[in-house]
Amino acid sequence: MITEIKHPVIKTLVNHLREVDTDALRFRHIVHELARLMAYEALSDEPLKKREIEIWNSKRAFGFIEEENLLFVSILRAGLPMIESVTALFPEASSGFLAMKRDEKTHQSVIYYDRIPECKGKTVILLDPMVATGGSLCDAISVIKHKEPAKIISLNLIGSPEGLDVVDQKHPDIHLYIAQIDEKLDSNMFIYPGLGDAGDRAYNTEG
């Protein structure tokens with residue numbers, strides 16, 4: 001299932017990412033905010049478990065998301081600002097990392113680093129700003145499915161209709177939340193109009 005979040009604050013933040021004069025520091029800050037807002041939406045149906053805590057005048061039981069059952073997986077390197085934000089929200093959650101590189105000739109992704117902890121029975125939240133062809137995200141989902149999570153959620157900032165169709169066809173059982181679906185893929189398989197390379201812009205490594 002694919003859900004495009006229509007909130008005007010999210011749309012405004014995405015469009016600030018597009019601006020060429022948004023520097024790396026502000027770019028990362030905007031990505032932090034978007035990831036946080038999208039996590040609120042994606043986890044809106046997460047069950048609460050009561051636990052007793054000490055408050056100012058007594059001990060009482062209140063409902064909390066079970067953070068230890070959450071696993072955030074960042075696609076390196078563009079997903080790093082996203083994971084920084086959501087793990088600040090849920091400090092007891094686990095973190096994992098996948099590194100993937102796109103072959104510029106074949107446009108296929110190659111996984112060269114997999115550092116995902118035990119996730120059997122957990123809710124895994126994938127974090128990757130861009131969904132262009134959908135190949136990298138599909139590969140990442142396949143890797144995680146072999147580790148037997150309870151469910152997979154994907155948080156993405158911007159994507160092409162073509163790439164999202166690929167993900168939905170190959171993995172219809174995951175729930176993907178996206179801040180903006182753009183017009184199309186261009187002839188180089190980049191999102192159009194897009195915002196450039198998110199990893200390069202976040203860390204000043206363009207060119």
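Going by the structure above, here's the rest.
Here's a quick rundown of the structure. What you are looking at is a predicted structure, and each value in this text was computed from that prediction instead of being measured.

**Re the packing of helix α1 (residues 8-18) against helix α2 (residues 24-42)**
For the pair α1 and α2, interaxial distance at closest approach is 10 Å and the crossing angle is 155°. The angle between α1 and α2 places the two elements in the roughly antiparallel class. Our pair here, α1 against α2, has a crossing hand that is left-handed. Side by side, α1 and α2 meet where Val9, Ile10, Leu13, Val14, His16 and Leu17 of the first sit next to Arg26, Phe27, Ile30, Val31, Glu33, Leu34, Leu37 and Met38 of the second. Along the lines of polarity and charge, the residues of the contact of α1 with α2 split into 11 nonpolar, one polar and two charged.

**Focus on the pairing of strand β7 (residues 123-127)**
Most of β7 sits inside the fold, with five of its five residues counted as buried. Going residue by residue along β7, you find Thr123, Ile125 and Leu127 tucked away on one face and Val124 and Leu126 tucked away on the opposite face as well. Where strand β4 (residues 70-76) meets β7, five bridges bridge the pair, whose relative direction is parallel. Paired with leucine 71 across the two strands is valine 124, which belongs to β7. Direction of pairing for β7 relative to strand β9 (residues 151-159): parallel, over a ladder of five bridges. By the bridge assignment, valine 124 is partnered in β9 with isoleucine 152.

**Things to note about the pattern of salt bridges**
Inspection of every chain in the model, using the stated rule, returns 10 salt bridges. The closest approach of N and O atoms between lysine 147 and aspartate 114, which form a salt bridge, is 3.6 Å. A residue pair is termed long-range when its members are at least 10 positions apart, and lysine 147 in the loop between α4 (135-145) and β9 and aspartate 114 in strand β6 (residues 109-115) qualify at 33 residues. According to the relative accessible area criterion, lysine 147 is partly exposed, its value standing at 25%. Aspartate 114 gets classed as partly exposed once you look at its relative accessible area, which sits at 38%. The residue aspartate 173 makes a salt bridge to lysine 145 at a minimum N-O spacing of 2.8 Å. A residue pair is termed long-range when its members are at least 10 positions apart, and aspartate 173 in the loop between α5 (161-170) and β10 (175-181) and lysine 145 in helix α4 qualify at 28 residues. Classification of aspartate 173 as exposed rests on a relative accessible area of 58%.

**Brief notes about the nonpolar core**
Ranked by size, the top nonpolar core spans 35 residues in total, and within it Leu17, Leu34, Met38, Phe72, Leu127 and Leu155 carry the most contacts. Counting only elements with at least two residues in this core, the list comes to α1, α2, β4, α3 (80-89), β7, β9, β10 and α6 (198-203). The biggest single contributor to this core is α2, with eight residues. In this structure, leucine 34 is in contact with Ile10, Leu13, Val14, Leu17 and Leu157, ignoring residues within four places of it in sequence. By size, the runner-up hydrophobic cluster in this structure holds 22 residues, among which are Leu71, Ile75, Val124 and Ile178.

**Re the side chain of lysine 11**
Along the chain, the position of lysine 11 falls in helix α1. Classification of lysine 11 by relative accessible area gives buried; the value is 17%. Once residues within four sequence positions are removed from consideration, lysine 11 is found in contact with Glu4, Ile5, Lys6, Ala179 and Gln180.

**Digging into unusual backbone geometry**
Geometrically, the link from leucine 76 to arginine 77 is a cis peptide bond, its omega value of -5° lying close to zero. With respect to the helices, strands and loops of the structure, arginine 77 is situated in the loop between β4 and α3. One non-glycine residue, glutamate 148, lies in the positive phi region at around 60°. For glutamate 148, a relative accessible area of 44% gives the class partly exposed. Here methionine 189, not a glycine, exhibits a phi torsion of approximately 65°, which is positive. For methionine 189, the location among the structural elements is in the loop between β11 (184-185) and β12 (191-192).

Thresholds, definitions, all that
Each chain has its residues counted from 1, running along the sequence as written. Residue-level local features of this predicted model are given only where pLDDT is at least 70; pairs of side-chain atoms are given and counted only at 80 or more, and the full residue set underlies all totals for whole chains, interfaces and linings. Side-chain numbers here rest on the full set of heavy atoms in the structure, without hydrogens or water. Geometry is summarised by axes, namely lines fitted to C-alpha atoms with helices restricted to the contacting stretch, and by angles between N-to-C directions that run from 0 to 180 degrees. In this description a helix means any DSSP run of H or I spanning at least four residues, a strand means any run of E spanning at least two, and both kinds are numbered starting from the N terminus. Any angle that is under 35 degrees is reported as roughly parallel, and any over 145 degrees as roughly antiparallel; angles of 65 to 115 degrees are reported as roughly perpendicular and all others as oblique. Less than a right angle of anticlockwise turn of the near helix away from the far helix marks a crossing as left-handed, whereas a clockwise turn marks it as right-handed. Note on contacts: a residue pair is in contact if any heavy atoms of the two residues lie within 4.5 Å. Under the scheme applied, nonpolar residues are Ala, Val, Leu, Ile, Met, Phe, Trp, Tyr, Cys and Pro; charged residues are Asp, Glu, Lys and Arg; polar residues are all the others, including Gly. Buried means the residue's accessible area, taken with a 1.4 Å probe over protein chains only, is under 20% of the maximum for its type, while exposed means over 50%, and partly exposed covers the values in between. What makes two strands pair is DSSP finding at least two bridges between them. When a carboxyl oxygen of Asp or Glu lies within 4 Å of a side-chain nitrogen of Lys or Arg, that pair is called a salt bridge. Put simply, buried Ala, Val, Leu, Ile, Met, Phe, Trp, Tyr and Cys residues joined by side-chain atoms within 4.5 Å make one nonpolar core.

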